[in-house]
Amino acid sequence: FKASRTPVRDAIAKLINDGLVEKIPGSSAFVKGFSWEELREIFSIRQVLEAYATGLSAMFIPDATIQELDHIYDQMVVHQKANNFEEYTILDLKFHSTIIQFCGNERLIKLINSLNDQPKLTKLHQDLYNKGKITKSLEGHRGLIDALKSHDAYTACKIMVGAGQNIFGEFGRDYINRIFYNMEE
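None of these values were measured; they are calculated from a predicted model. (Residues numbered from 1 in each chain as written. Predicted model: local features only at pLDDT ≥ 70, side-chain atom pairs only at ≥ 80, totals over all residues. Heavy atoms only, no water.)

Enquirer: Give me the lowdown on the confidence of the model for the protein chain, citing residues and values where you can.
Expert: The predicted model of the protein chain has a mean per-residue pLDDT of 79, with 72% of residues at 70 or higher. Taken element by element, the predicted model of the protein chain shows its lowest mean pLDDT in helix α9 (residues 173–181) (52) and its highest in helix α3 (residues 63–81) (96). (pLDDT = per-residue confidence, 0-100. Helix = DSSP H or I, 4+ residues; strand = E, 2+ residues; numbered from the N terminus.)

Right under this line is the structure:
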């Protein structure tokens, strides 16, 4: 296909500026890998932004959406009982995505979505659930629905922050690196 070089150069320059691509002088541009510290920073930023978006959403979320979250939660319970961690994880991502859509801040939604690496986050969540964290996850989701029903932004935010802390508390650097860099165990 034909494309002008200027837009391609501009796109690569944007990716370099965003820290996603690295340009080696006298060479081509390469997709950049993330260090342990960069991964930790990304997850920390995402956690805070998602908690903030959830708090905002608590104030605006319609009752019909809370009913939809209840339905998603019921499906999550079914998959938890069946030890179907893959489907549970897909529903978990849908649950959280549904909530942040009501924060009233499109830029915030786009920023959170830009920090999500869905396949790798899905693998991380599945492994958490395999390690017995699924019951705690369900408790958090139930508490979050209750907070949203009462439009309690503070409690919704607090639940989200607590849920996000599991990822780096449970898994070590080597494990995270294997998931993000497809390294063998």
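Here the narrative resumes, following the displayed structure.
Enquirer: Before we move on, could you go through α3 and cite the residues and values that matter?
Expert: Along its 19 residues, α3 runs 27 Å from first to last C-alpha, staying within 8% of the 27 Å computed at 1.5 Å per residue. Three or more residues of α3 are buried, namely Thr65, Ile66, Leu69, Asp70, Ile72, Tyr73, Met76, His79 and Gln80. One or two residues past the end of α3 sits asparagine 83, with phi positive at roughly 55°. (Expected span 1.5 Å × (residues − 1). Buried < 20%, exposed > 50% of the residue type's maximum accessible area, 1.4 Å probe, protein only.)

Enquirer: Hey, could you go over the nonpolar core for me, with residue numbers and the actual values?
Expert: Soluble, globular proteins show a tendency: their nonpolar side chains are buried together. Formed by 21 residues in total, the largest nonpolar core has its most connected members in Leu69, Met76, Phe95, Leu144 and Leu148. Listing elements by their share of this core, those giving two or more residues are α2 (36–60), α3, α4 (85–100), α6 (118–149) and α7 (153–164). With six residues, the single largest contributor to this core is α6. Setting aside chain neighbours within four positions, we find phenylalanine 95 in contact with Leu69, Ile72, Met76, His141, Leu144 and Ile145. Counting residues in hydrophobic clusters, the runner-up holds eight residues, among them Leu49, Ala53, Leu56 and Ile109. (Core = buried A, V, L, I, M, F, W, Y, C linked by side-chain atoms within 4.5 Å. Contact = heavy atoms within 4.5 Å.)

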